[in-house]
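# Structural overview for review
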Amino acid sequence: MTAGANLSVTDLRRAARHPVDYSAIVEHFDQGDLDLHVCNISAHGFMADNATQLKRGDRVMIRLPIVGRIEAYVIWTRDTRAGFQFERIIRLDDFVEIIDELQPNPRLRKGR
């Protein structure tokens, strides 16, 4: 693995974010396993609201429903929150299934 994140960071924060309530144990490449609470997610990345131990540029491996393990990089931190960018964009059909599984409000889930 190469050192550091080699991302082409554009302003992806405009991507539609979906609120979720998802607790995950992520693998940090230096600190080992960490507990993170994912509070929103998009096809490009996610935000955790309890990421005090992380800093910009850190890499983690997170396991999500449907897509399994995916690497993500810390793009920003503020107070206890951190924003992550996935190493690849999640395909739309897979992302819709992830939201169906993680959406905490059943009224916001799409009927299928």
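What comes next concerns the included structure.

Attention now moves to the sheet that holds strand E6 (residues 81–86). Spatial strand order, E1-E2-E3-E6-E5-E4: 6 strands in a closed barrel with antiparallel pairing. Recorded for the sheet is a direction-independent mean angle of 45 degrees between the axes of neighbouring strands. Its contacts with the sheet put helix H1 (residues 92–102) on strand E1 (18–28) and strand E2 (32–41), and the angle it makes with E1 is roughly 100 degrees.

Okay, the nonpolar core next. The tendency in soluble globular proteins is for nonpolar side chains to be buried side by side. In this structure, Leu36, Ile41, Phe46, Ile62, Leu64, Phe84 and Phe86 are the most contacted members of the largest nonpolar core, which totals 27 residues. For this core, the secondary structure elements donating two or more residues are E1, E2, strand E3 (45–48), strand E4 (59–64), strand E5 (68–78), E6 and H1.

On to the pattern of salt bridges. Opposite charge on two side chains allows them to pair when their charged atoms are near. Throughout the structure, instances matching the rule amount to 6 salt bridges. A salt bridge links Arg91 to Asp94; the shortest N-O distance between them is 3.8 Å. Of the residues examined, Arg91 reaches a relative accessible area of 52% and is grouped as exposed. For Asp94, a relative accessible area of 17% corresponds to the buried category. Where salt bridges share partners, they join Arg91, Asp93 and Asp94 into one cluster.

Moving on, we get to unusual backbone geometry. The bulk of non-glycine residues show a negative phi, and the bulk of peptide bonds are trans. Even without a glycine there, the phi angle at Ile66 is positive, about 75 degrees. Here Ile66 shows up in the loop between E4 and E5. With a relative accessible area of 41%, Ile66 lands in the partly exposed category.

Attention shifts here to the pairing of E1. In regular strands, side chains alternate between the two faces of the sheet. Both E1 and E2 contribute to a ladder of 9 bridges, which runs antiparallel. From the neighbouring strand, His28 faces E2, where its bridge partner is Gly32. Here E1 folds back onto E2, and the loop between the two strands holds 3 residues. The pairing of E1 with E4 spans 2 bridges and is classified as antiparallel. Paired with His28 across the bridge in E4 is Val60.

This paragraph deals with the side chain of Asn40. Within the secondary structure, Asn40 is located in strand E2. Ignoring sequence-local partners within four residues, the contact set of Asn40 consists of Arg17, His18, Pro19, Val20, Phe46 and Met47.

As a further point, take the packing of aromatic side chains. Under the criterion given, the structure shown has 2 aromatic pairs. On the numbers, 5.7 Å between centres and 40 degrees between planes, the contact of Phe46 with Phe86 is tilted. With Phe46 in strand E3 and Phe86 in strand E6, this pair connects stretches of sequence that are 40 residues apart. Here the two residues Phe46 and Phe86 agree in accessibility, since each one is buried. Each residue in the set Phe46, Phe84 and Phe86 is aromatic and connected to the rest through ring pairs, giving one cluster. Between Arg59 and the ring centre of Phe29, over which it is positioned, the NZ or CZ distance is 4.5 Å.

Definitions and cut-offs
- The residue numbers shown here count from 1 along each chain, following its written sequence.
- A pLDDT threshold of at least 70 governs which residues receive local features in this predicted model, and a stricter bar of 80 or more applies before side-chain atom pairs are shown or counted, although totals over entire chains, interfaces and linings include all residues.
- Values shown for side chains rest on all heavy atoms present in the structure; no hydrogens or waters enter the calculation.
- Strands pair, by our definition, only if DSSP identifies at least two bridges between them.
- In this text, helices come from DSSP runs of H or I with a minimum length of four residues, and strands from runs of E with a minimum of two, each type numbered from the N-terminal end.
- Throughout, an axis means a line fitted to C-alpha atoms (over the contacting stretch in the case of helices), and angles, computed between N-to-C directions, take values from 0 to 180 degrees.
- Any pair of residues with heavy atoms lying within 4.5 Å of one another is described as a contacting pair.
- Put simply, a nonpolar core is a bunch of buried Ala, Val, Leu, Ile, Met, Phe, Trp, Tyr and Cys residues held in one set by side-chain atoms that sit within 4.5 Å of each other.
- Categorising residues by exposure relies on relative accessible area from a 1.4 Å probe, with only protein chains included: less than 20% of the type maximum marks a residue as buried, more than 50% marks it as exposed, and the intermediate range marks it as partly exposed.
- A pairing counts as a salt bridge when a side-chain nitrogen of Lys or Arg comes within 4 Å of a carboxyl oxygen of Asp or Glu.
- Pairing of aromatic rings covers Phe, Tyr and Trp, the last counted by its six-membered ring, and requires centre-to-centre distances within 6.5 Å; plane angles under 30 degrees mean stacked, over 60 mean edge-to-face, and any other angle means tilted.
- By definition, being over a ring means that NZ of Lys or CZ of Arg is both within 6 Å of the ring centre and within 35 degrees of the ring normal.

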